Amino acid sequence: MADPVKLSVIYYSSTGTINEIANALVAEAEQAGAEVRLRKAPELAPDAAIDANPAWRANVEATRSVPEVAAEDVVWADAVIFGSPTRYGNIAAQLKQFIDTLGGEWQQGLLADKVYSGFTSSATKHGGQESTLLALYNTIHHFGGIIVSPGYTDGSKFVDGNPYGTSHVDAQGQLPVDDETRTAAGVQARRVVEVARRLKNGA
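Summary of the structure given here.

The rules behind these values
- Residues numbered from 1 in each chain as written.
- Predicted model: local features only at pLDDT ≥ 70, side-chain atom pairs only at ≥ 80, totals over all residues.
- Heavy atoms only, no water.
- Helix = DSSP H or I, 4+ residues; strand = E, 2+ residues; numbered from the N terminus.
- Buried < 20%, exposed > 50% of the residue type's maximum accessible area, 1.4 Å probe, protein only.
- Contact = heavy atoms within 4.5 Å.
- Areas by Shrake-Rupley, 256 points an atom, 1.4 Å probe, with all protein chains shown as cover.
- Lys, Arg positive; Asp, Glu negative; His and termini not counted.
- Charge placed at Lys NZ, Arg CZ, Asp CG, Glu CD.
- Phe/Tyr/Trp six-rings, centres within 6.5 Å; stacked < 30°, edge-to-face > 60°.

**Side note on the overall build of the chain**
Point 1. Helices and strands together make up the secondary structure of the chain, namely nine helices and seven strands.
Point 2. Principal-axis analysis of the C-alpha atoms places the extent of the chain at approximately 50 × 40 × 30 Å.
Point 3. Relative to its full complement of 203 residues, the chain shows a buried share of 50%.
Point 4. Restricting to contacts in the chain with at least 6 residues of sequence separation, those with at least 24 account for 77%.
Point 5. Element-wise, carbon and sulfur atoms account for 50% of the exposed surface of the chain, whose accessible area totals about 9600 Å².
Point 6. Averaged over its 17 positive side-chain charges, the chain has a centre that lies 3 Å from the centre of its 24 negative ones.

Okay, structure coming up:
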């Protein structure tokens, strides 16, 4: 019997939206037969900034049990799904800082030939979701990775409308993760696992 796909879901979340989507991706990927690691990027913001936003502090406390990511979590994986809220149309500094530590692994070719995908959220509609994912995917090109976006491979994608990856508008926390976003996460997780499985098994 073929070994299961090894998937790392690596994310940064300030107020919890990205964390919730990450957990939805994990559940869908495990249901699809993958062995999954859930990892968070270390927080870089000072306590004063975190304490100024009760939702931010609550998320920090609620996710203390989630292990912080290490380079080995990327090297181990057959597939990686990165998640970040949009920050001025780009990924958050916390996730970028982790990615920037992978230079040694990149030089050794340990990041190449893996499947990569991404997910994001923003406070507003048209708030930089697509540019955030495209910016993330620029990095994957440098890795020599294989980008597996959901595209319009499922009818539900014509509802959420983002072919680049799962995304959610949270309206500053006023709009919780909904069925539309969870459906998108399911499409993305299953597609990533299936493509990674084919590559792993030489199909």
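Don't stop here, the text continues.
**Side note on the packing of aromatic side chains**
Point 1. On inspection of all chains with the given rule, the structure shows three aromatic pairs.
Point 2. Pairing Tyr116 with Phe143 gives two aromatic rings, centres 5.6 Å apart and planes at 55°, and the pair type is tilted. With Tyr116 in strand E5 (residues 115-122) and Phe143 in helix H7 (residues 129-143), this pair connects stretches of sequence that are 27 residues apart.
Point 3. Taking the relative accessible area as the measure of exposure, Phe143 reaches 9% and is therefore buried.
Point 4. Aromatic pair Tyr152 and Phe158: ring centres 4.9 Å apart, planes at 25°, arrangement stacked.
Point 5. For Phe158, a relative accessible area of 62% translates into the label exposed.
Point 6. Ring pairing ties together the aromatic residues Phe82, Tyr116 and Phe143, which thus form one cluster.

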